[in-house]
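Take a look at the letters that make up each chain.
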Amino acid sequence: EITLTDFLTIQNTGTLNATNGTDGDSTITLGGNWTNSGTFTADTSTVILNGSNQQINGSTTFNNLTKEVTASDTLTFEAGTTQTITGTTTLKGQNGAPLTLLSSASPAIWNIDPQGPRDIDYVRVQDSTNLNALVIDPPNSSDLGNTTNWFSFAPTFTWTGATSTDWGT
């Protein structure tokens, strides 16, 4: 288990191997930003983001990725990157304290591919494409715009024009 209160950077030639040890638990708890331009071997690890206003930079394949907040917070993803989660994706705010998921360069898109179980609730999402065929559709959440395959609800339309059936005949 690794706990970092600051940032984690995997450089171009660097490798972080999170292969489980003898205890079968490989957890990285991070209070700062995640930056990956090298190689991250996730194995069956869990990355827990527990800081405030964190960023994920670079494309990464995680096993389990978790960020849960009790006060309103923002998780910013580097525009143009893809975060693949092969295990459980947990992104959660609370009633009155949402977790906002944003691009680092709006309106440029960040991508997510949650391939395993999803525990996503009380999020506000902008500038993101879900690459997985299964719509995420998080309850108690808001689409802030420029999202694809996050929400399945159909838009509602309100007619404010004339209601007469007499069209000038």
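Anything mentioned here points back to the structure above.
Residues numbered from 1 in each chain as written. Predicted model: local features only at pLDDT ≥ 70, side-chain atom pairs only at ≥ 80, totals over all residues. Heavy atoms only, no water.

Engineer: How would you summarise the overall build of the protein chain if you had to cite specific residues and measurements?
Structural biologist: The secondary structure content of the protein chain amounts to zero helices and 20 strands. Here the protein chain, with 169 residues, has 42% of them falling under the buried criterion. Contacts spanning at least 24 positions in sequence make up 43% of the contacts within the protein chain whose residues lie at least 6 apart. Accessible surface, the protein chain as shown: approximately 8,900 Å² in total, 48% of it carbon and sulfur. (Helix = DSSP H or I, 4+ residues; strand = E, 2+ residues; numbered from the N terminus. Buried < 20%, exposed > 50% of the residue type's maximum accessible area, 1.4 Å probe, protein only. Contact = heavy atoms within 4.5 Å. Areas by Shrake-Rupley, 256 points an atom, 1.4 Å probe, with all protein chains shown as cover.)

Engineer: Break down the environment of Thr 76 for me, with residues and values.
Structural biologist: Position of Thr 76 among the secondary structure elements: in strand E11 (residues 73-77). Classification of Thr 76 by relative accessible area gives buried; the value is 16%. Linking Thr 76 and Asn 53, residues 23 residues apart in sequence, is a C-alpha distance of 7.4 Å. Among all residues touching Thr 76, those that are not within four sequence positions of it are Gln 54, Gln 55, Ile 56, Leu 102, Ser 103 and Ser 104.

Engineer: Can you explain the nonpolar core? Please cite residues and give values.
Structural biologist: Counting 29 residues, the largest nonpolar core has Trp 34, Phe 40, Val 47, Leu 75, Leu 91, Leu 101 and Trp 150 as the members making the most contacts within it. Of all elements in the fold, only strand E2 (8-10), strand E4 (27-30), strand E7 (46-49), E11, strand E14 (99-103), strand E15 (110-114) and strand E17 (123-125) reach the threshold of two or more residues within this core. Leaving out residues up to four positions away in the same chain, Trp 150 has contacts with Leu 101, Trp 110, Ile 112, Ile 120, Val 125, Ser 128, Thr 129, Asn 130, Val 135, Ile 136, Asp 137 and Pro 138. (Core = buried A, V, L, I, M, F, W, Y, C linked by side-chain atoms within 4.5 Å.)

Engineer: Give a detailed account of the pairing of E11, specifying residues and quantitative values.
Structural biologist: In terms of residue burial, E11 counts as a mostly covered element, since four of its five residues are buried. As judged from the three bridges shared by strand E8 (residues 54-57) and E11, these two strands associate in the parallel manner. Across the sheet, Gln 54 pairs through a bridge with Leu 75, a residue of E11. (Pairing = 2+ DSSP bridges.)

Engineer: With reference to specific residues and values, describe the sheet that holds strand E19 (residues 142-143).
Structural biologist: As summarised here, the arrangement of the seven strands in space is E2-E5-E8-E11-E14-E17-E19, forming an open sheet in which the pairing is parallel. Sheet topology places E2 and E19 at the edges, where each strand pairs with a single neighbour.

Engineer: Explain the sheet that holds E15 to me, and be specific about the residues and the numbers.
Structural biologist: The strands making up a sheet are joined through hydrogen bonds of the backbone, oriented either antiparallel or parallel. In spatial order, the strands read E9-E12-E15-E18-E20; together these five strands make up an open sheet with parallel pairing. With one partner strand each, in any of the chains shown, strand E9 (60-62) and strand E20 (147-148) form the two edges of the open sheet. Both E15 and strand E18 (residues 128-130) contribute to a ladder of three bridges, which runs parallel. By the bridge assignment, Trp 110 is partnered in E18 with Ser 128.

Engineer: An account of the side chain of Ser 141 is requested, with residue identities and associated values reported.
Structural biologist: Within the fold, Ser 141 resides in the loop between E18 and E19. Among the polar contacts listed, one links the side chain of Ser 141 to the backbone nitrogen of Tyr 122, at a separation of 3.3 Å. Leave out the neighbours within four places in its chain, and Ser 141 touches Asp 121, Tyr 122, Val 123 and Phe 151. (Polar contact = N/O pair within 3.5 Å; in protein donor to acceptor, adjacent residues only side chain to side chain.)

Engineer: So what about the packing of aromatic side chains? Which residues, and what values?
Structural biologist: The geometry of two aromatic rings is summed up by the distance between their centres and the angle between their planes. Summed over the entire model, instances satisfying the criterion amount to six aromatic pairs. Taken together, a centroid distance of 5.0 Å and an interplanar angle of 85° make the contact between Trp 34 and Phe 40 edge-to-face. Owing to a relative accessible area of 0%, Trp 34 belongs among the buried residues under this scheme. When its relative accessible area of 10% is taken as the criterion, Phe 40 is described as buried. (Phe/Tyr/Trp six-rings, centres within 6.5 Å; stacked < 30°, edge-to-face > 60°.)

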